[in-house]
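# Structure at a glance
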Amino acid sequence: MSAPASSSPSSCKVMLSKHVANGLLQEVQEGLKTLEKPPHLVGFLANHDPAAVMYAHWTQKTCEEHGFKYSLREVSRDDIEECLIAANADSDVDGIIVYYPIFNNRQDQYLQQIVDVGKDVEGLSHRYIFNMYQNIRFLDPETKRQKCILPCTPLANIKILEYLNIYNTILPYGNRLFGHTICVVNRSEVVGRPLAALLANDGACVYSVDITGVQKFTRGEGLKNRRHEIVDMEGTTLKDVAPLCDVVISGVPGEKYKFDTSLLREGAVCINFSSEKNFGPEVKEKASIYVPSIGKVTIVVLLRNLLRLIQNRRVDNVQPAAATERPGTLEAST
Ligand SMILES: NC(=O)C1=CN([C@@H]2O[C@H](COP(=O)(O)OP(=O)(O)OC[C@H]3O[C@@H](n4cnc5c(N)ncnc54)[C@H](O)[C@@H]3O)[C@@H](O)[C@H]2O)C=CC1
Ligand SMILES: Nc1nc(=O)c2c([nH]1)NC[C@@H]1CN(c3ccc(C(=O)N[C@@H](CCC(=O)O)C(=O)O)cc3)C=[N+]21
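Computed from a predicted structure; not experimentally measured.

## Points about the overall build of the chain
For the chain, the count of helices and strands is nine helices and 11 strands. Against the 2.2 N^0.38 benchmark of 20 Å for 334 residues, the chain shows a C-alpha radius of gyration of 21 Å, consistent with a compact globule. Counting only C-alpha atoms, the chain reaches 65 × 50 × 45 Å along its principal axes. By the burial criterion, 52% of the 334 residues in the chain qualify as buried. Sequence separation of at least 24 residues holds for 63% of the intrachain contacts in the chain that already meet a minimum separation of 6. Distance between charge centres in the chain, computed from 37 positive and 39 negative side chains, equals 5 Å.

## Overview of the nonpolar core
Within the largest apolar cluster, 66 residues are counted, with the highest numbers of intra-cluster contacts made by Ile160, Leu161, Ile182, Leu199 and Ile249. With 10 residues, helix α9 (residues 295–317) is the largest single contributor of residues to this core. Filtering out sequence-adjacent residues up to four positions away, Ile182 remains in contact with Leu161, Leu177, Leu199, Ala204, Cys205, Val206, Tyr207, Cys245, Val247 and Ile249. Core analysis: the next-biggest nonpolar cluster, separate from the first, contains 23 residues, Cys12, Cys270, Phe279 and Tyr290 among them.

## Details of the site of ligand 2
Near ligand 2 lie 13 residues; those nearest to it are Val98, Tyr100, Glu122, Ser293 and Gly295. Tyr100 places a polar main-chain atom, nitrogen or oxygen, 2.7 Å from a nitrogen atom of ligand 2. The contact in question runs from an oxygen atom of ligand 2 to an N or O atom on the side chain of Ser293, over 2.9 Å. It is helix α2 (residues 50–65) that provides the largest number of residues to the shell around ligand 2, a total of five residues. Across the shell around ligand 2, the residue classes tally to nine nonpolar, three polar and one charged.

## Focus: the environment of Val315
By secondary structure assignment, the location of Val315 is in helix α9. Spatially, the C-alpha atom of Val315 lies 7.2 Å from that of Arg145, the residues being 170 residues apart in sequence. In this structure Val315 touches Arg145 and Gln146, once residues within four positions along its chain are discounted.

## Quick word on the site of ligand 1
Close to ligand 1 lie 18 residues, the nearest being Asn186, Arg187, Ser188, Ser275 and Thr298. Within the contact set of ligand 1, an oxygen atom lies 2.6 Å away from a side-chain nitrogen or oxygen of Ser275. A distance of 2.7 Å is found between an oxygen atom of ligand 1 and a side-chain nitrogen or oxygen belonging to Thr298. A total of 860 Å² of accessible area belongs to ligand 1 in isolation, and the protein chains cover 68% of it. Counted by class, the shell around ligand 1 contains eight nonpolar, eight polar and two charged residues.

## Considerations on helix α5 (residues 126–133)
Along an α-helix, residues three or four apart share an orientation, since each turn contains 3.6 residues. Taken together, the buried positions of α5 are Tyr128, Asn131, Met132 and Tyr133. Those residues of α5 that are buried are in contact with α7 (192–201) and α9. A positive phi of about 60° marks Asn135, the residue just after α5.

## What to know about the sheet that holds strand β2 (residues 40–45)
Spatially, three strands are ordered β3-β2-β4 in an open sheet, and the strand pairing comes out parallel. At either end of the open sheet lies a strand with only one pairing partner, and these are β3 (69–74) and β4 (95–98). With strand direction ignored, the average angle separating the axes of adjacent strands in the sheet is 20°. Sheet topology note: the β2/β4 ladder contains four bridges and is parallel. Bridge assignment links Val42 to a residue of β4, and that residue is Ile96. Taken strand by strand, helix α3 (residues 80–89) contacts β2, β3 and β4, and its axis lies near 165° from that of β4.

Cut-off values and rules
- Residues numbered from 1 in each chain as written.
- Chains lettered and ligands numbered in written order.
- Predicted model: local features only at pLDDT ≥ 70, side-chain atom pairs only at ≥ 80, totals over all residues.
- Heavy atoms only, no water.
- Helix = DSSP H or I, 4+ residues; strand = E, 2+ residues; numbered from the N terminus.
- Rg over C-alpha atoms; globule rule 2.2 N^0.38 Å.
- Buried < 20%, exposed > 50% of the residue type's maximum accessible area, 1.4 Å probe, protein only.
- Contact = heavy atoms within 4.5 Å.
- Lys, Arg positive; Asp, Glu negative; His and termini not counted.
- Charge placed at Lys NZ, Arg CZ, Asp CG, Glu CD.
- Core = buried A, V, L, I, M, F, W, Y, C linked by side-chain atoms within 4.5 Å.
- Near = heavy atom within 4 Å.
- Polar contact = N/O pair within 3.5 Å; in protein donor to acceptor, adjacent residues only side chain to side chain.
- Nonpolar A, V, L, I, M, F, W, Y, C, P; charged D, E, K, R; others polar.
- Areas by Shrake-Rupley, 256 points an atom, 1.4 Å probe, with all protein chains shown as cover.
- Pairing = 2+ DSSP bridges.
- Axes fitted to C-alpha atoms, helices over the stretch in contact; angles between N-to-C directions.

See the structure below:
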C-alpha cells in the first residue's frame with residue numbers, strides 16, 4: 001500500500017543535540033587522555049533559582065560521567081566574593097563557574113570580573129568579552145597558541161551550525177558563514193548579543209531581534225571589515241527580516257512566546273535554545289532542519305572550555321625557547 005499522495009510526511013529533519021554533544025565529547029575524551037589528573041570544576045551556587053540549580057546538578061552529572069571532578073559549593077551571597085578569591089588561589093581548582101543571577105544587578109558583573117582569567121570556564125571576564133567583540137581569537141595573537149574562551153551557549157549554537165554544515169569549510173577560517181542570513185531572537189548580554197557578534201564576525205549577516213526592535217550585525221560589504229559593525233534598523237520588525245533568513249535561532253524565555261512560523265523562509269534551519277519551546281510543532285511544515293534544544297551541547301562546551309584553560313596554562317608554563325610543540329586537537333577548530 002502506498003501513502004496517499006495528498007499528505008506526504010513532513011520533509012523536516014529533527015536534529016537532536018546529543019549527536020553534536022557526542023562528537024564534541026570524543027574530542028574532550030582525547031584531551032583528557034593527555035592530563036595526569038581529572039580536571040576539577042567548582043560551581044558556586046548562591047541563589048535558589050530553579051534553572052540555576054537544575055543546570056548545576058546537570059553539569060555535575062555530566063562531569064562525573066566523563067571523568068571530570070565537580071564540586072558544588074553552596075554559599076551565601078554575602079560570602080561569594082571571599083569564596084571566589086580563595087578558589088582563585090587554590091591550585092586544586094582548575095575552573096570556576098558561578099551560577100547567576102545572584103544579586104540581579106551590577107554586582108553580578110562585578111563578581112564576573114573577580115574570577116581569575118585562567119579559571120573562567122564561561123569566558124565572562126572582561127578580557128575574553130572584549131576579545132570576542134573585537135574578533136581577537138587568541139590571547140597571544142603573535143604566537144597563536146592560546147585560544148580565547150568563548151561563552152558556552154553562544155559557542156554551543158556555533159558547534160551546531162558547524163555540525164549542520166552551515167559553516168562552509170571551502171571558505172577560509174573566519175569567513176565560513178559568508179552568504180548566510182541569520183536571525184537571532186534574544187539580545188541578552190549572556191547569549192543573544194554575543195551570539196550575533198560571533199556569527200557576524202564569522203561572515204554572516206545577522207538580524208538580532210529583541211523586545212525593543214531589530215539590529216543588523218555584519219562585517220560590511222564583501223566582509224571588508226575585520227570585525228562586525230551594528231546598525232539599528234528603526235521601523236523594521238521580525239516580520240520584515242525573518243523571511244530573509246536561512247537560519248533562525250530563538251531563545252525567548254517564558255512559555256507564552258511562539259515564533260510565528262508563517263514568517264519562515266521555506267527550508268530554513270531552526271534552532272531553539274530557550275528552556276521553553278519557542279517553535280510550535282508546525283515548524284516542521286516549513287523548516288528543513290529543526291533543533292528543539294541545545295542544552296547537552298552547552299555542557300560539553302563547558303568541559304571543552306575547561307580543557308582549553310588547562311592547555312593555555314600549560315603553554316604559559318613552557319619556556320618560549322622550548323615552546324615548539326604543535327597546538328593539540330582542541331585548538332584545531334573554533
Ligand atoms: N540551553 C542553554 O544552554 C541555555 C539556555 N538559556 C535559556 O535561554 C533563555 C534566555 O535566557 P537569557 O538570554 O538569559 O534571558 P534574558 O531574559 O536575559 O533575555 C531575553 C531576551 O529575549 C528578548 N525577548 C523577550 N521577549 C521577546 C519577544 N516577544 N520578542 C523578541 N525578543 C524577546 C529580550 O528582549 C531579551 O533580549 C531562557 O529560557 C534560558 O533558560 C540560557 C542559558 C543557557
Ligand atoms: N553562569 C551561568 N551560566 C549559565 O549558563 C546559567 C546560569 N549561570 N544560571 C542559570 C541559567 C539557566 N541555564 C540553562 C541551561 C540549560 C537549559 C536547558 O533548557 N537545558 C536542556 C533542557 C533540560 C532538560 O533536560 O529538561 C536543553 O536545552 O536540552 C536551561 C537553562 C543556564 N544558566
